[in-house]
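# Observations on chain architecture
The lines below spell out each chain.
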Amino acid sequence: MNEYYKACAFPKPQDKKKRKKMNGYKDKPNRVCFFTGQPYAERHEVFSGTANRQISIDYGFQIDVCPELHRELQDNITPWAQKWNKKLKMYFQKKYELELRAEGVSPERARESFISLIGRSYI
């Protein structure tokens, strides 16, 4: 920070806005679709919404899918997309809770932890 700003009555704030996490495209050629096996897959965050998307990136609640299926999963209109979105949400919730239980957390506390993280239970 410049010395001038330290002497001001209202100094310039030092902390910056928290940057949103992105999945990037650096390793996109190496990604393979979970369903079809096609290369150049996109990352799909299982839990949607601005805050939940960031949580999905942090905790690894995401899969690689080809662009066509990614759009279908995001739109969640077709019966196939609705079925798979529900399955994926249940899978990642079970995985999260099992990891906590392996660390010695009770099943009830593991469920409460997931609900406080995502906002609801899918099981």
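Structure shown above.
Residues numbered from 1 in each chain as written. Predicted model: local features only at pLDDT ≥ 70, side-chain atom pairs only at ≥ 80, totals over all residues. Heavy atoms only, no water.

Our next topic: the overall build of the chain. Of the regular secondary structure elements, the chain holds five helices and two strands. Ordered by position from N to C terminus, the α and β elements of the chain give α-β-α-β-α-α-α. Across the 123 residues that make up the chain, the buried fraction comes to 32%. A sequence separation of at least 24 residues applies to 48% of the contacts in the chain between residues at least 6 apart. (Helix = DSSP H or I, 4+ residues; strand = E, 2+ residues; numbered from the N terminus. Buried < 20%, exposed > 50% of the residue type's maximum accessible area, 1.4 Å probe, protein only. Contact = heavy atoms within 4.5 Å.)

Let's shift gears to the packing of helix 4 (residues 79–102) against helix 5 (residues 107–118). In the contact formed by helix 4 and helix 5, the axes pass within 9 Å of each other and the chain directions differ by 130°. In this view, helix 4 runs oblique relative to helix 5, as classed from their interaxial angle. Crossing hand, helix 4 versus helix 5: right-handed. Between helix 4 and helix 5, the contacting residues are Gln93, Tyr96, Glu97, Leu100 and Arg101 on the first element and Pro107, Ala110, Arg111, Ser113, Phe114 and Leu117 on the second. (Axes fitted to C-alpha atoms, helices over the stretch in contact; angles between N-to-C directions. Parallel < 35°, antiparallel > 145°, perpendicular 65-115°, else oblique. Left-handed = near helix turned anticlockwise from the far one by under 90°.)

Looking now at the packing of aromatic side chains. The full count for this structure, using the stated rule, is 14 aromatic pairs. Linked through ring pairs, Phe47, Tyr59, Phe61, Tyr91, Phe92, Tyr96, Phe114 and Tyr122 together constitute an aromatic cluster. (Phe/Tyr/Trp six-rings, centres within 6.5 Å; stacked < 30°, edge-to-face > 60°.)

What follows deals with the side chain of Asn85. Relative to the elements of secondary structure, Asn85 occurs in helix 4. In this structure Asn85 comes out as buried when scored by relative accessible area, which is 6%. Of the polar contacts made by the side chain of Asn85, one reaches the side chain of Asn76; its length is 3.0 Å. Those residues within four positions of Asn85 in sequence are excluded, and the remaining contacts are His44, Leu73 and Asn76. (Polar contact = N/O pair within 3.5 Å; in protein donor to acceptor, adjacent residues only side chain to side chain.)

On to unusual backbone geometry. The phi angle at Tyr40 is positive, at roughly 60°, despite the residue not being glycine. For Tyr40, the location among the structural elements is in the loop between helix 1 (3–7) and strand 1 (42–45). A residue is classified by how much of its surface remains accessible, and Tyr40, at 48% relative accessible area, is partly exposed. For Asn76, which is not a glycine, the phi torsion comes out positive at approximately 55°.

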